[in-house]
Amino acid sequence: MNVFKKRRRSVWLLTLLFTLVTGFANAVDIMPPSDVREGMRGVAKTVVQGDTIEEFDVNVLGVLQQRGPSGDLILVKVSGPVIEKTGGIAQGMSGSPVYIDGKLVGAIGYGWGFADGTVGMVTPIGDMLKLWALPDKAAHDEAPSVEPPLIPMGTPLMAAGFTPESLQYLTQKLAPFGLQPQATAGAGNYDAAPHALQPGSAVAVTLVTGDLKLGAIGTVTYADENRIVAFGHPFLKRGELDYFMHNSYIFTVVPSVNSAFKIGSIGSEIGKIYQDRGAGIAGIEGRAPKAVAMQVNVTDRDTQTDRAANVRMVEDHDLTPILAATTAYDLVKKTIDRGGRGTVKLSYEFLPQDTSLPTFKRDNMYYSSKSVSERSVDELYNVLEALAKNPFQKYALRGINLSLSLTEDKEVAEIIDAKARPGIVSPGDIIYVNVKLRPYRGEVVSKTLAFTVPADQPLGPMTLEVRGGGVVPLPYLIQKQQLNLTDEIIDRLRKYKDFRDFLNKLQKEDKNNELIVEILEDNVSMVPDEKSAGHHAQLQEPAKETLPDYLHKGKKTDADTLAGGDEDEKAKTRVTMPYIIKGDGQFEFEVVAPNDRRRRDAVKEIMAQLREKVTENDAEADNDQENKDANKEPQADKRPAKDKK
């Protein structure tokens with residue numbers, strides 16, 4: 001049955017491809033590689049300024065069989081006034097249609113390494129038209145198999161609205177993709193309205209649009225009604241996808257030692273690119289791609305400046321984290337208008353395309369002594385990447401809302417002392433932990449937390465840790481160093497039951513501005529106090545006091561959990577603070593059965609009563625002696641008179 005289905009699908013694909021090519025042939029003649037001969041001459045079309053399509057000469061040098069990612073490639077040499085102006089085949093010319101004897105042969109797609117820039121390779125149009133025949137949900141292609149020194153013509157990535165610092169940040173993040181962003185501008189009235197595409201037109205494959213724009217410029221090879229093929233080589237070779245498709249107005253061609261490149265605008269949005277494969281890209285006009293809408297709000301508390309940005313970006317597990325982080329980084333830079341240190345408070349939410357999945361919400365606080373702008377977006381990037389690459393299920397996004405508040409002040413407080421009571425407890429008992437904090441250049445403040453000993457806590461020694469949310473307990477750090485555990489290894493050791501468990505734990509990850517009390521695991525060796533530096537946690541006996549309101553237990557609400565239980569919260573108490581918490585300390589407790597504790601408490605009470613009775617008796621004895629002394633009659637002085645003088 002499966003074999004039959006596969007055969008039926010193959011016949012369907014061949015029929016569809018034949019229909020497409022036949023219909024295309026009725027519009028313009030094509031020349032297959034088998035008909036191309038050395039010495040043939042033709043022309044190619046492209047835009048080097050504005051939106052005017054110009055021609056340059058093409059001379060066939062030969063046909064290289066099965067040298068391209070999709071089949072044959074045609075080796076050509078180009079010339080003419082356009083080439084003299086550009087200094088050779090420039091980046092952005094990829095996709096330029098090549099005609100011989102009026103027949104469309106294909107698209108300029110590749111250069112020839114170590115040449116003079118006038119030698120290139122043409123991707124046959126037949127291979128490009130196959131993109132139209134691909135069914136939905138097609139698998140991604142393998143990496144290009146082009147042999148060196150054959151290289152795809154570069155695709156200039158135009159960036160509009162980004163600060164120079166943001167471009168540097170973006171360049172670092174996009175380095176693995178081989179993309180080099182270049183600053184560009186808008187083209188005014190041209191960008192305001194859509195323009196029909198035709199062979200030779202400039203086209204932009206766009207990753208971000210809105211208040212910021214980021215897209216790659218190439219050339220349309222062929223257009224049939226509302227469909228186009230372009231580039232003649234892959235952009236990122238992502239297979240079936242959703243990119244934005246925009247017009248592009250070419251400002252100029254910039255000469256370069258490596259390769260000249262076109263500078264152009266990211267103009268009006270006109271459709272979507274839905275295939276990105278070895279032979280090129282395919283797009284359709286009038287269709288909107290699936291996208292992630294992102295809204296960013298930034299406040300500089302020092303200057304009372306507020307700014308906002310709205311963009312739409314491609315939904316891609318590799319690209320979305322980069323594009324979202326860069327968008328936020330750019331707005332932070334524009335708002336605070338400075339570099340250097342500072343504190344940032346951030347809150348964000350991710351809205352999934354699948355509304356049956358929960359919205360992801362989180363907030364945190366960071367301080368950086370070097371670059372608060374970069375620190376502001378690190379968590380956003382890391383969480384987006386973790387969600388995009390989780391091993392359980394796809395968490396495709398439709399929206400991101402992000403708010404950031406920044407100041408140059410160092411909003412950090414350090415734990416300088418902590419006390420806990422009582423020292424002997426039973427499962428279910430409440431331990432009150434009083435913590436003293438010293439804010440940076442501020443007065444010491446106190447905070448009391450209530451920690452409930454788990455009902456299933458084993459009897460015997462128990463170590464309680466008080467720390468800042470971003471602080472790794474000293475025993476863990478020592479064990480990590482002893483075992484030579486990297487962060488990558490630790491991440492790999494983390495286990496999750498399912499996607500809900502993963503999402504729940506990711507959302508409830510400790511925050512830097514939380515004060516946390518929790519039990520340290522038994523298998524973690526402790527460091528003796530005499531080898532520790534700084535202040536040590538101390539135990540004290542119970543004392544009567546009025547508890548703050550936040551210590552009184554209330555009913556758990558839906559906001560306390562995220563669709564997946566609360567097992568990890570049973571042995572942890574956390575309180576959000578207005579500053580980042582540094583430092584930690586440990587307490588040693590003895591957990592006993594309730595009956596044993598009651599007996600110990602009774603003995604302790606009897607001993608206290610005895611001490612009180614002894615004290616009372618001593619006091620009475622002292623009073624009696626004082627009374628006796630006071631009631632004694634004075635004795636006459638029997639000394640001789642001469643001695644009295």
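Each remark here, short or long, concerns the structure printed above.
Since we're looking at a predicted model, the values are computed, not measured.

**Points about the nonpolar core**
Here comes step 1: Among the nonpolar cores identified, the biggest contains 73 residues, and F235, M294 and F350 are the most heavily contacted of them.
Here comes step 2: A total of 10 residues in this core trace back to one element, the largest contributor, which is helix α6 (residues 319-336).
Here comes step 3: Every residue in contact with F350, bar those within four places of it in the chain, is listed here: T359, F360, L380, V383, L384, L387, Y395, L397, G399 and I400.
Here comes step 4: In terms of nonpolar packing, the next biggest core, distinct from the first, is built from 25 residues, M462, V517, V575 and Y579 among them.

**Concerning the sheet that holds strand β30 (residues 572-576)**
Here comes step 1: Here we have 5 strands laid out as an open sheet, ordered β24-β32-β27-β28-β30, and mixed in their pairing. What marks the edges here is a single partner per strand, and that holds for β24 (424-425) and β30.
Here comes step 2: Inspection of the sheet shows strand β27 (residues 460-468) paired to strand β32 (residues 584-591) by 8 bridges, in the antiparallel sense. Counterpart to M462 in the pairing with β32 is F589.

**Quick look at the packing of helix α7 (residues 372-388) against helix α10 (residues 499-507)**
Relative orientation and spacing of two packed helices are given, respectively, by the angle between their axes and the distance between those axes.
Here comes step 1: The N-to-C vectors of α7 and α10 enclose an angle of 175°; their axes lie 11 Å apart at closest approach. When the axes of α7 and α10 are compared, the pair comes out roughly antiparallel. Between α7 and α10, the contacting residues are V383, A386 and L387 on the first element and F502, L503 and L506 on the second.
Here comes step 2: A breakdown of the residues in the contact of α7 with α10 according to their chemical character gives 6 nonpolar, no polar and no charged.

**Some thoughts on helix α3 (residues 125-133)**
Here comes step 1: Burial runs high along α3: 7 of the 9 residues are buried.
Here comes step 2: Taken residue by residue, α3 has I125, D127, M128, L129, L131, W132 and A133 as its buried positions.

**Quick word on the pattern of salt bridges**
Here comes step 1: Following the criterion strictly, the structure yields 21 salt bridges and no others.
Here comes step 2: For the salt bridge of R467 with D510, the shortest nitrogen-to-oxygen distance reads 2.5 Å. With R467 in strand β27 and D510 in the loop between α10 and β28 (514-519), this residue pair connects regions lying 43 residues apart in the sequence. Of the two residues, R467 and D510, both sit in the buried class.
Here comes step 3: Salt bridges sharing common partners tie together R467, D510, E514, E518, K572 and R574.

**Description of the environment of D29**
Here comes step 1: Note on placement: D29 falls in the loop between α1 (2-27) and β1 (41-47).
Here comes step 2: Residues D29 and G102, 73 residues apart in the sequence, show an inter-C-alpha distance of 7.4 Å.
Here comes step 3: With residues near it in sequence (within four places) discarded, D29 still touches G102, K103 and L104.

**Structural notes on a positive patch on the surface**
Here comes step 1: A surface patch of like charges, here positive, comprises R341, K410, R441 and K582.
Here comes step 2: If you trace the backbone, K410 turns up in the loop between β22 (397-407) and β23 (412-421).
Here comes step 3: The exposure class of K410 is partly exposed, given its relative accessible area of 31%.

**Focus: the packing of α6 against α7**
Here comes step 1: Orientation of α6 relative to α7, taken along the N-to-C sense of each, is 160°, at an axis distance of 9 Å. With respect to α7, the axis of α6 lies roughly antiparallel. Classified by chirality, the crossing of α7 by α6 is right-handed. Along its contact with α6, which presents T320, P321, I322, A324, A325, A328, Y329, V332, K333 and I336, the element α7 presents V372, S373, E374, S376, V377, L380, Y381, L384 and E385.
Here comes step 2: Broken down by class, the residue content of the contact of α6 with α7 amounts to 13 nonpolar, 3 polar and 3 charged.

**Here's the deal with the side chain of H233**
Here comes step 1: Structurally, the position occupied by H233 is in the loop between β12 (227-230) and β13 (239-247).
Here comes step 2: Given the relative accessible area of 1%, H233 is considered buried.
Here comes step 3: Within polar-contact distance, the side chain of H233 engages the side chain of S94 at 3.2 Å.

**Some details on the packing of aromatic side chains**
Here comes step 1: In total, this model carries 14 aromatic pairs according to the counting rule given.
Here comes step 2: Between F231 and F235, the aromatic rings sit 6.5 Å apart at their centres with planes inclined by 90°, giving edge-to-face as the arrangement. For the pair F231 and F235, a shared accessibility class is recorded, and that class is buried.
Here comes step 3: Taken together, the ring pairs in this structure connect F392, Y395, Y496, F499 and F502 into an aromatic cluster.
Here comes step 4: Sitting above the plane of the W132 ring, R227 keeps its charged end 4.2 Å from the centroid.

**Focus on α10**
Here comes step 1: Most of α10 is tucked away, with 7 of its 9 residues classed as buried.
Here comes step 2: Burial in α10 covers these residues: F499, D501, F502, L503, N504, L506 and Q507.
Here comes step 3: In this structure, the buried residues of α10 make contact with β21 (360-368) and α7.

**A short note on unusual backbone geometry**
Here comes step 1: Positive phi values are uncommon outside glycine, yet Q304 reaches one of about 60°.
Here comes step 2: Checked against the element boundaries, Q304 lands in the loop between β18 (291-300) and β19 (305-314).
Here comes step 3: One non-glycine residue, D337, lies in the positive phi region at around 55°.
Here comes step 4: When you line up the elements, D337 lands in the loop between α6 and β20 (342-352).

Basis of the calculations
Residues numbered from 1 in each chain as written. Predicted model: local features only at pLDDT ≥ 70, side-chain atom pairs only at ≥ 80, totals over all residues. Heavy atoms only, no water. Core = buried A, V, L, I, M, F, W, Y, C linked by side-chain atoms within 4.5 Å. Buried < 20%, exposed > 50% of the residue type's maximum accessible area, 1.4 Å probe, protein only. Helix = DSSP H or I, 4+ residues; strand = E, 2+ residues; numbered from the N terminus. Contact = heavy atoms within 4.5 Å. Pairing = 2+ DSSP bridges. Axes fitted to C-alpha atoms, helices over the stretch in contact; angles between N-to-C directions. Parallel < 35°, antiparallel > 145°, perpendicular 65-115°, else oblique. Nonpolar A, V, L, I, M, F, W, Y, C, P; charged D, E, K, R; others polar. Salt bridge = Lys/Arg side-chain N within 4 Å of Asp/Glu carboxyl O. Patch = residues over 30% accessible without salt bridge, like charges linked within 9 Å, V, L, I, M, F, W, Y side chains within 5 Å. Areas by Shrake-Rupley, 256 points an atom, 1.4 Å probe, with all protein chains shown as cover. Lys, Arg positive; Asp, Glu negative; His and termini not counted. Charge placed at Lys NZ, Arg CZ, Asp CG, Glu CD. Left-handed = near helix turned anticlockwise from the far one by under 90°. Polar contact = N/O pair within 3.5 Å; in protein donor to acceptor, adjacent residues only side chain to side chain. Phe/Tyr/Trp six-rings, centres within 6.5 Å; stacked < 30°, edge-to-face > 60°. Lys NZ or Arg CZ within 6 Å of the ring centre and 35° of its normal.

These figures come from the coordinates and say nothing about function on their own.
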